[in-house]
Amino acid sequence: MQTINSKANALATEVNGNADAGKIKAMRMLGVPYPAGYEKEAGKDMLAQAAGISKNLKEAGIDCRPEAEIVALIAYLQRLGTDIKQLPKDPDPDAAMLH
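Residues numbered from 1 in each chain as written. Predicted model: local features only at pLDDT ≥ 70, side-chain atom pairs only at ≥ 80, totals over all residues. Heavy atoms only, no water.

**Student:** How would you sum up the overall build of the protein chain? Please name residues and give values.
**Tutor:** The helix and strand tally for the protein chain stands at four helices and zero strands. Put simply, the protein chain runs from its N terminus to its C terminus through helices and strands in the order α-α-α-α. Within the protein chain, the fraction of its 99 residues that count as buried is 13%. Taking the contacts inside the protein chain whose residues are at least 6 apart along the sequence as the reference set, 45% of them involve residues at least 24 apart. Here the protein chain displays about 8200 Å² of accessible surface, and carbon together with sulfur accounts for 60% of that area. (Helix = DSSP H or I, 4+ residues; strand = E, 2+ residues; numbered from the N terminus. Buried < 20%, exposed > 50% of the residue type's maximum accessible area, 1.4 Å probe, protein only. Contact = heavy atoms within 4.5 Å. Areas by Shrake-Rupley, 256 points an atom, 1.4 Å probe, with all protein chains shown as cover.)

**Student:** Tell me about the side chain of Ser-54, and name the residues and values.
**Tutor:** Structurally, Ser-54 can be placed in helix α3 (residues 42-59). What makes Ser-54 buried here is its relative accessible area of 3%. Among all residues touching Ser-54, those that are not within four sequence positions of it are Cys-64, Arg-65 and Pro-66.

**Student:** Account for a nonpolar patch on the surface, with residues named and values stated.
**Tutor:** Among the surface-exposed residues, Leu-73, Tyr-76, Leu-77 and Leu-80 lie close enough to one another that they form a single nonpolar patch of about 390 Å² accessible area. Mapped onto the secondary structure, Leu-73 falls in helix α4 (residues 69-85). Relative accessible area serves as the criterion here: at 43%, Leu-73 is assigned to the partly exposed category. (Patch = residues over 30% accessible without salt bridge, like charges linked within 9 Å, V, L, I, M, F, W, Y side chains within 5 Å. Salt bridge = Lys/Arg side-chain N within 4 Å of Asp/Glu carboxyl O.)

**Student:** Explain the environment of Glu-69 to me, and be specific about the residues and the numbers.
**Tutor:** Here Glu-69 is to be found in helix α4. Separated by 56 residues in sequence, Glu-69 and Thr-13 have C-alpha atoms that sit 5.5 Å apart.

**Student:** Which residues make up the pattern of salt bridges, and what values go with them?
**Tutor:** In this structure the tally under the stated criterion is five salt bridges. In this structure, the salt-bridge partner of Lys-58 is Asp-63, at a minimum N-O distance of 4.0 Å. Judged by its relative accessible area of 64%, Asp-63 falls in the exposed class.

**Student:** Talk me through the nonpolar core; I want residue IDs and the actual numbers.
**Tutor:** Residues Ala-50, Ile-53, Leu-57, Cys-64, Ala-68, Val-71 and Ala-75 constitute the largest nonpolar core, which totals seven residues. Counting residues per element, the ones that place at least two in this core are α3 and α4. A per-element tally of this core places α3 first, with three residues. (Core = buried A, V, L, I, M, F, W, Y, C linked by side-chain atoms within 4.5 Å.)

**Student:** How would you explain the confidence of the model for the protein chain if you had to name every residue and give the values?
**Tutor:** On average, residues of the protein chain score 78 in pLDDT, and 65% of them reach the 70 mark or higher. Of all helices and strands in the protein chain, the one with the weakest mean pLDDT is helix α1 (residues 4-12) (58), whereas α3 scores best (92). (pLDDT = per-residue confidence, 0-100.)

**Student:** How would you sum up the side chain of Glu-39? Please name residues and give values.
**Tutor:** Its place among the elements puts Glu-39 in the loop between α2 (21-29) and α3. For Glu-39, a relative accessible area of 16% corresponds to the buried category. A polar contact is formed between the side chain of Glu-39 and the side chain of Arg-28, at a distance of 2.5 Å. Dropping the residues within four chain positions of it, Glu-39 is found in contact with Ala-21, Ile-24, Lys-25 and Arg-28. (Polar contact = N/O pair within 3.5 Å; in protein donor to acceptor, adjacent residues only side chain to side chain.)

Following this line, the structure appears as structure tokens:
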């Protein structure tokens, strides 16, 4: 059961806003399709997305800063939804099989 304190913590707890270039390079090596040089732009993209989410929350009557943990969670969930919508039209049936 969620308590009022845990909800308040998600609004008050801040996340580290620094995009780590090393993490982006490592994820690219693992197959994440980041374009070359994206590690230099990721921080700017992250801040812009956080500002938009924070603005939308404020318009809905929820006051929180762009650095709030809840903003990071919302950004993550939005990305999951975007990725799911972009599944390949003709997936490789062999790729889906577990060996």
